[in-house]
Structure formats: C-alpha cells, structure tokens
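Below, each chain spelled out in residue letters.
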Amino acid sequence: MNFKDIGAATTTQTYNRTKIEEQTGNIYESIVIMGKRAEQINQEMKSELIQKLDEFAAHTDSLEEVFENREQIEVSKFYERLPKPTSIAVKEWLDNDVYYRNPNEDK
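Notes on the structure in this doc start here. Every value quoted in this text rests on a predicted model; they were computed, and no experiment measured them.

Our focus in this paragraph is the packing of aromatic side chains. If you walk through the whole model with that rule in mind, you get two aromatic pairs. Ring centres of F78 and Y79 lie 5.4 Å apart, and the angle between their planes is 90 degrees; this geometry places the pair in the edge-to-face category.

Structural data, given as structure tokens:
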C-alpha cells in the first residue's frame, strides 16, 4: 500500500461527529471499526519498514557501521513523516473505503 499518497492528515484534525457515525448510526461502533482498521494499517506499515530495514542491515558487529548506516536512517525518517495509522483509517472511513460487517446483524 502506498501510504504517502493516501492524503491523510499528518497533524491533529477535528472531524465532524455526524459524518463519522453516518455509516453505522453509532459513534462507538464507527470508532471500533476505525480502530481495528488502524491496527491493520499499523501492522502493514511495521512489516514493510522491517523488510526495508533488513535490506540495509549490516551483518557485522563493527561499531562504526552501526552508527553510520545512512540508508537505515533515511528509511526510518521517511516512515516517521508518514501520516499515523489512525489518520489513515479515519480518512478511509470518511471516504467509504472500509468494508465492515456485523455478524450479529447477519442472523
């Protein structure tokens, strides 16, 4: 997933409560759904970051290489500048890009 082009806010933002609860009719249910989606996004970002950092990992124990690995520092800075998973989840929710279902309502 391309997290840079998602268009989510990188700073704190206030959202309209009625827009958030519009899809489910319940603000708490909407927040739980967004929270679960944020956890999924966080896991995806974390695994992608670890994979990229492993590409530049030095398998020697030289002290200079540990402190001077610029590639790892640049990759880490890139991920620090990305929007937070909660911001991405809220943006997806407001854009109706999140699929959800309530198993209790299917009966």
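On to helix 5 (residues 85-94), then. Within helix 5, seven of the 10 residues are buried, leaving the element largely enclosed by the surrounding structure. Inspection of helix 5 places P85, S87, I88, A89, V90, E92 and W93 among the buried residues, and these make up the whole buried set. Buried residues along helix 5 sit against helix 1 (17-21) and helix 2 (27-55). N96, located one to two residues past helix 5, shows a positive phi value of around 60 degrees.

So, on to the side chain of R37. Turning to its location among the elements, R37 is positioned in helix 2. The class for R37 is buried, based on a relative accessible area of 17%. In terms of polar contacts, R37 uses its side chain to reach the side chain of E92, at 2.6 Å. In this view, R37 contacts M1, A89, E92 and V98; residues no more than four positions away in its chain are not counted.

Here we take up the packing of helix 2 against helix 4 (residues 70-81). Between helix 2 and helix 4, the least distance of the axes is 10 Å, while the angle of their chain directions is 165 degrees. As summarised for this structure, helix 2 and helix 4 are arranged roughly antiparallel, according to the angle between their axes. Relative to helix 4, helix 2 is oriented so that their crossing is right-handed. Taking contact as the criterion, the partners of M45, E48, L49, K52 and L53 in helix 2 are, on helix 4, Q72, V75, S76 and Y79.

About the criteria used
Residues numbered from 1 in each chain as written. Predicted model: local features only at pLDDT ≥ 70, side-chain atom pairs only at ≥ 80, totals over all residues. Heavy atoms only, no water. Phe/Tyr/Trp six-rings, centres within 6.5 Å; stacked < 30°, edge-to-face > 60°. Buried < 20%, exposed > 50% of the residue type's maximum accessible area, 1.4 Å probe, protein only. Helix = DSSP H or I, 4+ residues; strand = E, 2+ residues; numbered from the N terminus. Contact = heavy atoms within 4.5 Å. Polar contact = N/O pair within 3.5 Å; in protein donor to acceptor, adjacent residues only side chain to side chain. Axes fitted to C-alpha atoms, helices over the stretch in contact; angles between N-to-C directions. Parallel < 35°, antiparallel > 145°, perpendicular 65-115°, else oblique. Left-handed = near helix turned anticlockwise from the far one by under 90°.

Scope: geometric values only; no functional claims are made or implied.
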